[in-house]
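Here's the letter readout for the chains.
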Amino acid sequence: MVLSLLMTFIFILLGMAFFTLCERKLLAGFQLRKGPNKVGFIGLLQPFADAGKLFTKEYIILVLNNWFVCFLAPFFIMFIALFRWTIYPIFFNYYYVEFSILFFMCVSRLNVYGVIIAGWGSNSKYALLGGVRAIAQTISYEIRFSFILLIPVFLSKSFRILLICKSQHYRVYLISFLAGFFIWFTIVLAETNRAPFDFVEGESELVRGFNVEYGGYIFALIFIAEYINILFMSVITVSIFIGLPCIILPFLVLLVSYAFIWIRASFPRYRYDLLMKLT
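Okay, so let's go over this structure.

### Let's talk about helix α8 (residues 178–191)
With 14 residues, α8 should cover 20 Å at 1.5 Å per step; its first-to-last C-alpha distance of 20 Å lies within 8% of that length. Residues of α8 that are buried: G180, F181, W184, F185, I187, V188, L189, A190 and E191. Tucked into the core, α8 has its buried residues touching α4 (100–121), α5 (125–156), α7 (173–176), α10 (216–241) and α11 (249–266). Just downstream of α8, N193 is the residue with a positive phi angle, here 60 degrees.

What follows is the structure, given as structure tokens:
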């Protein structure tokens, strides 16, 4: 079991690395400029160069920081991001949770604790405001998040993701609940702190948000966790709303992941109070 989980995490980290490269390439194409193309062939080694730079930078501990809490929070955020992947039955991961949807709902709510702990431990007003925003944002859409997630549970009569996928071989839930899918995807954008709902990291209002005091490998953990969450939510979205055979599933996950990048390039940041009213 340990070996299968280790392989899962390694492939997830590799996928996340190349997803960041894909995002930078696509954003460059959207903005009619050149993306990363110097490190390796057409820039394929750029993620490893970025990782080497971040993990070898010096991490400076500020005097007024609550250093233990501030140091612990990024590891907690990274742990939650990787821990959620244990619910998905990958072919080399024979261990999976029986009530995976309930497990996913419970673990997903823990992510906000890492953000608020990071904001509070930094002892900075901008970081603390980012943490408080994360709590208010999560509470505002949590009920709708749970209700929409329960739709495929009721239709498939199961809390297991694998059975939800298999139940859609003859009827895809996306066709029946198209409006619910768009509401779900809007909530997922806010859940992963992506534009246009990246209020927790709003540069224009909060300088950088809850991670403004972080740098080096500690900041890299938060950055990695954010992109791992994007890939995981893409897999969950495809699984509970489309659930097609395994051959087509990776292409649909890439399509949903592309939607994250396309929305970031196309829409400006939403107003914070309007998100509260929207949810």
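Right, picking up where we left off after that structure.
### Focus on the nonpolar core
Membership of the largest hydrophobic core comes to 74 residues, with the highest contact counts inside it found for F104, W184, Y214 and I228. At the level of elements, α1 (2–30), α3 (67–83), α4, α5, α6 (161–166), α8, α10 and α11 are the ones that each hand at least two residues to this core. Ignoring anything within four residues of it in the chain, the contact list for F104 reads R84, I87, F145, L149, W184, F232, M233 and I236.

### A word on the pattern of salt bridges
Applying the stated criterion across every chain, the model contains six salt bridges. A salt bridge links E23 to R264; the shortest N-O distance between them is 2.8 Å. You can see E23 sitting in helix α1 and its partner R264 sitting in helix α11, a full 241 residues away along the chain. Looking at E23, the relative accessible area reads 2%, which means it is buried. E226 serves as the salt-bridge partner of R194, at 3.8 Å between the closest nitrogen and oxygen. Taken as a pair, R194 in the loop between α8 and α9 (203–206) and E226 in helix α10 lie far apart in primary sequence, 32 residues in all. A residue is classified by how much of its surface remains accessible, and E226, at 12% relative accessible area, is buried. Each member of the salt-bridge network shares a partner with another, and the members are E23, R194, E226 and R264.

### Side note on the packing of α4 against α5
In contact at an axis separation of 8 Å, α4 and α5 are set at 175 degrees when each is read in the N-to-C sense. The angle between the axes of α4 and α5 places the two elements in the roughly antiparallel class. Tallied by class, residues from the contact of α4 with α5 come to 16 nonpolar, five polar and two charged.

### Side note on the environment of I218
Of note, I218 is situated in helix α10. Along the sequence, I218 and F55 sit 163 residues apart, while their C-alpha atoms lie 8.2 Å from each other. Those residues within four positions of I218 in sequence are excluded, and the remaining contacts are Y59, F71, P74 and F75.

### Describing unusual backbone geometry
At the junction of A195 and P196, the peptide bond is cis and its omega measures out at 5 degrees in the coordinates. Looking at where P196 falls in the secondary structure, it is placed in the loop between α8 and α9. The residue I42 is not glycine, and still its phi comes out positive at about 45 degrees. Along the chain, I42 falls in the loop between α1 and α2 (46–56). Residue class for I42 comes out partly exposed when judged on its relative accessible area of 45%. Look at N193: it is not a glycine, yet its phi comes out positive at around 60 degrees. Along the chain, the position of N193 falls in the loop between α8 and α9.

### Considerations on the environment of I151
Tracing the backbone shows I151 in helix α5. Classification of I151 by relative accessible area gives partly exposed; the value is 26%. Each C-alpha atom, one on I151 and one on E23, is 31 Å from the other, the two residues being 128 residues apart in sequence.

Conventions adopted
Residues numbered from 1 in each chain as written. Predicted model: local features only at pLDDT ≥ 70, side-chain atom pairs only at ≥ 80, totals over all residues. Heavy atoms only, no water. Helix = DSSP H or I, 4+ residues; strand = E, 2+ residues; numbered from the N terminus. Expected span 1.5 Å × (residues − 1). Buried < 20%, exposed > 50% of the residue type's maximum accessible area, 1.4 Å probe, protein only. Contact = heavy atoms within 4.5 Å. Core = buried A, V, L, I, M, F, W, Y, C linked by side-chain atoms within 4.5 Å. Salt bridge = Lys/Arg side-chain N within 4 Å of Asp/Glu carboxyl O. Axes fitted to C-alpha atoms, helices over the stretch in contact; angles between N-to-C directions. Parallel < 35°, antiparallel > 145°, perpendicular 65-115°, else oblique. Nonpolar A, V, L, I, M, F, W, Y, C, P; charged D, E, K, R; others polar.

These figures come from the coordinates and say nothing about function on their own.
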